[in-house]
Amino acid sequence: QFGHNRQGTVSFSMPPKKAVAKKKEPTKAEDNKDDAGKGAAGGDGQQNWEPSVERVKPKGQIELSQAEMEKEYTRVLSAKDPNAPTNITRFSFKERCYKLDAAVEQMFTHFEMEGCLVHRDTEEGKRLVAEREQEKFQAERAAEAAEGLAMVHNEAAGHDEDSKALRNQFNFSERASQAFVKPLRDRGTETEPPPSVTFGATATQWEMFDAYIEDMERQRVNKEKKTPLPGGKKDDKDDKEDGLSKEEPGPSSSGKGESDIVHSSHMSKSLKIMERMVNQNSYDEIAQDFKYWEDASDSFKEGEGTLLPLWKFYTDKAKKKHVTALCWNPEYRDLFAVGYGSYDFMRQGTGLVCCWSLKNPSHPEYTFTTETGVMCLDFHPQHSSLLAVGLYDGTVQIFDIRNRVNRPIFQSTVKTGKHTDPVWQVCWQEEDLAKNLNFFSISSDGRVTLWTMSKNELQFTDVMELKLVGLQREWDAEEETSLCGLAGGSCFDFNRSSEHLFVVGTEEGKIHKCSKAYNSQYLDTYEGHHMAVYTVRWNNFHPRVFLSASADWTVKLWDHNTRMPLMSFDLGNAVGDVCWAPYSSTVFAAVTNDGKVHVFDLAENKHEPMCDQKVVRKSKLTHIAFNPKEPIIIVGDDKGCVNCLKLSPNLRKPTKPPESEEQKVDKKAKPPPKPAEGVAPTEEEVAAKAKNLLDLEIDKLDHILTLADKGVEGA
């Protein structure tokens, strides 16, 4: 017998030799008894005999104590592959660099085989079982039919009924009937297959880039073939549309160009269109209101109107900045520029210019940054891409929004006569005789300056120096007058009909009428405000009327031939800005520090506003601007936000010409002829219609001025 203990020692035992006795045939009972007692007693008859045990220990056996032998050791088996690589490096197209891949495949497949077994309870298993049963049933039916036919055939041939029919196991057609096979008809139509090209390539970045470049080159060649020019000259306009020029050939020809199609101009244009589509879906309700909404309650409220809030324009870059300027683009009616600065002169920082579009309220189309806060800006009326900007440190800059670089094309410096105080307003003028572009600026340093764009720099000319009127009357001596300083200019505006005539508002509350021809003295001075004048605006239709807004809570209506204001409107708070409506000579709007927009129509009510609506909370409104075409306005506040509002029908009533008694009778007797369909009006008819509308607006405002003059004389 063999065994082993916990230390691995082998032990064995041997039974003793039995005593030799004479052989005797045992009986069956004795055999059983002998088997039962075998091993329990020896041959010599001794009971409970224990075998001897000898322990054998191998060489080098470790000696362990009982506690060490009873201690359990735990081994954890993991599923990690020890042969799997741990330092795989892959190229990241997003970050454009090689990065270490942390995900390592630990699974190792030892055996894999695709099976064809289907479970009976699944739909496919049930379908297969049903098909097999159907085939089995059809086979049984066919066999029964074949046996019936064979029996009929045997009876007709006179065979014995008991005799079994011999079947040919290899040809069943001899003893079966075949049904009539209907002839099949094949009908086909042959068409020209569309042109297709089979190609294959590795989907890498350079392969896609080469494919895009080849496609662009193919489109350019096709366009040149369709529109050939005489003399073999190439159309520069087509080249600009394709993004190519003679000086800068395409990437396919020179090998130099845009290194990445993802960051190309074509991709940028596609992404911009996609972004506008997404924003149009996001702001679909606002777009529908902008296009179709009309306040039905205006028909029941005579002399009242409302403003409907539409889009809200805000960017994180304008955080903690004030909206200091608003200006619509003269060519693109959905584009407007916003200047961001600060009216808190103890907290000045950098400035920002953003060009927003009504088609994309979520992000500005163009963005330019300045070293100091932006105080004013203005688009050129003919060259709509030029934007003049005035800064807090007295610098004037000109940006071309077509350029993607964040720097101006022209900028004033100390050498070129920059202002020493903040520039409060800039205004473009018509081109001079030399076809040079020029604009005016006004600053708190008392200068009204004309800036002319030359080839290399801005050239300045001081048109007017604003002198203090009270001190000028007290001291007539030139030396004493020069010591008293200059008046701080805050705003100005040029007359629409007389280009040389302009009015200037000052920080002392006075308004001066000036001319480009007389730069030494004022033509007239209007004293009506007691605090700084923030805005002066000439009427868009009437050549003699202008508005002024001041921090003394009032908006005043002036006739430049009269020193006293014709009308005065107290708005109950400091007025930030005022603006005439482009569609009527009697409608204007103003914004105040309490967040309200006041819209007046002097033809409807000469004393109260038609709309007095609060549009922002816990903010001060700073500027307002009418859209030149659509019935909307934009207002800016001191939190860097611009809100777009739509005017209700009562606030934008068109001016109708008055009808005389004879016209009314003729209209009843004979209706006016309808214009011919498909016939466009001539230029003379359009000009005559515009002149009639202009005369009508002037007459409407003249009637109001006449009533106001009588009231002033009576007072």
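Residues numbered from 1 in each chain as written. Predicted model: local features only at pLDDT ≥ 70, side-chain atom pairs only at ≥ 80, totals over all residues. Heavy atoms only, no water.

Examining the pattern of salt bridges
Turning to step 1, where the next piece is worked out: Under the definition given, this model contains 19 salt bridges.
Turning to step 2, where the next piece is worked out: Glutamate 95 serves as the salt-bridge partner of lysine 99, at 3.4 Å between the closest nitrogen and oxygen.
Turning to step 3, where the next piece is worked out: You can call glutamate 95 partly exposed: its relative accessible area is 46%.
Turning to step 4, where the next piece is worked out: When salt bridges that share partners are traced, they join Glu217, Arg220 and Glu224 into one network. (Salt bridge = Lys/Arg side-chain N within 4 Å of Asp/Glu carboxyl O. Buried < 20%, exposed > 50% of the residue type's maximum accessible area, 1.4 Å probe, protein only.)

Quick look at the pairing of strand β11 (residues 374-379)
Turning to step 1, where the next piece is worked out: By the criterion of burial, β11 is predominantly enclosed, with 6 of the 6 residues buried.
Turning to step 2, where the next piece is worked out: Bridge count between β11 and strand β12 (residues 386-391): 5 bridges; the pairing is antiparallel. For valine 374, the partnering residue across the bridge sits in β12 and is leucine 391.
Turning to step 3, where the next piece is worked out: Counting the residues that bridge the hairpin from β11 to β12 gives 6 residues. (Helix = DSSP H or I, 4+ residues; strand = E, 2+ residues; numbered from the N terminus. Pairing = 2+ DSSP bridges.)

Side note on helix α4 (residues 205-226)
Turning to step 1, where the next piece is worked out: The end-to-end C-alpha separation of α4 is 32 Å, in line with the 32 Å expected for 22 residues at 1.5 Å each.
Turning to step 2, where the next piece is worked out: Residues Phe209, Ile213 and Arg220 constitute the buried set of α4. Relative to the axis of α4, the buried residues are bounded by an arc of 30 degrees and lie together on one face. Within α4, the exposed residues directed more than 90 degrees away from the buried face are Glu214, Lys225 and Lys226. (Expected span 1.5 Å × (residues − 1). Arc of directions from axis to C-beta.)

Section: the environment of phenylalanine 626
Turning to step 1, where the next piece is worked out: Topologically, phenylalanine 626 is positioned in strand β31 (residues 621-626).
Turning to step 2, where the next piece is worked out: Accessibility expressed as a relative area gives 8% for phenylalanine 626, which makes it buried.
Turning to step 3, where the next piece is worked out: Spatially, the C-alpha atoms of phenylalanine 626 and phenylalanine 588 are 9.3 Å apart, while their sequence positions differ by 38 residues.
Turning to step 4, where the next piece is worked out: For phenylalanine 626, the contacting residues outside a window of four places in its chain are Trp328, Cys579, Trp580, Ala581, Pro582, Tyr583, Ala589, Ile632, Ile633 and Leu647. (Contact = heavy atoms within 4.5 Å.)

What to know about the packing of aromatic side chains
Turning to step 1, where the next piece is worked out: Inspection of the entire model under this criterion finds 23 aromatic pairs.
Turning to step 2, where the next piece is worked out: Summarising the aromatic geometry, the rings of phenylalanine 569 and phenylalanine 588 are spaced 5.7 Å apart at their centres and angled 55 degrees between planes, so their arrangement reads as tilted. Of this pair, phenylalanine 569 sits in strand β26 (residues 567-570) while phenylalanine 588 sits in strand β28 (residues 587-592), placing them 19 residues apart in sequence. The same class applies to phenylalanine 569 and to phenylalanine 588, which are both buried.
Turning to step 3, where the next piece is worked out: In textbook terms, an aromatic cluster arises when at least three aromatic residues are bridged by ring pairs, as seen for Phe313, Trp328, Phe336 and Trp356. (Phe/Tyr/Trp six-rings, centres within 6.5 Å; stacked < 30°, edge-to-face > 60°.)

Things to note about the state of the cysteines
Turning to step 1, where the next piece is worked out: Evaluation of the coordinates by the stated rule reveals 0 disulfides.
Turning to step 2, where the next piece is worked out: Its sulfur unpaired, cysteine 327 is 9.4 Å from the next cysteine sulfur, which belongs to cysteine 427.
Turning to step 3, where the next piece is worked out: For cysteine 327, a relative accessible area of 10% corresponds to the buried category.
Turning to step 4, where the next piece is worked out: The cysteine cysteine 354 is free of any disulfide, with cysteine 355 supplying the nearest cysteine sulfur at 7.7 Å. (Disulfide = S-S within 2.5 Å.)

Thoughts on a positive patch on the surface
Turning to step 1, where the next piece is worked out: Positive charge collects at one region of the surface, where Lys614, Arg617, Lys618 and Lys639 lie side by side.
Turning to step 2, where the next piece is worked out: Note on placement: lysine 618 falls in the loop between β30 (611-614) and β31. (Patch = residues over 30% accessible without salt bridge, like charges linked within 9 Å, V, L, I, M, F, W, Y side chains within 5 Å. Areas by Shrake-Rupley, 256 points an atom, 1.4 Å probe, with all protein chains shown as cover. Lys, Arg positive; Asp, Glu negative; His and termini not counted. Charge placed at Lys NZ, Arg CZ, Asp CG, Glu CD.)

Things to note about the sheet that holds strand β9 (residues 351-357)
Turning to step 1, where the next piece is worked out: What the 4 strands build is an open sheet, ordered β7-β8-β9-β10; its pairing is antiparallel. The sheet terminates laterally at β7 (322-328) and β10 (366-370), the two strands that pair on one side only. The sheet shows a mean angle of 20 degrees between the axes of neighbouring strands, direction not considered. (Axes fitted to C-alpha atoms, helices over the stretch in contact; angles between N-to-C directions.)

Overview of the sheet that holds strand β32 (residues 632-637)
Sheet strands pair by backbone hydrogen bonding; their relative direction is either parallel or antiparallel.
Turning to step 1, where the next piece is worked out: Here we have 4 strands laid out as an open sheet, ordered β6-β33-β32-β31, and antiparallel in their pairing. Each edge of the open sheet carries a strand with a single partner, namely β6 (307-313) and β31. The average undirected angle you get between the axes of adjacent strands in this sheet is 25 degrees.
Turning to step 2, where the next piece is worked out: Here 5 bridges tie β6 to strand β33 (residues 642-647), and the two strands are oriented antiparallel to one another. Residue leucine 308 lies in a different strand from β33, and its bridge partner there is lysine 646.

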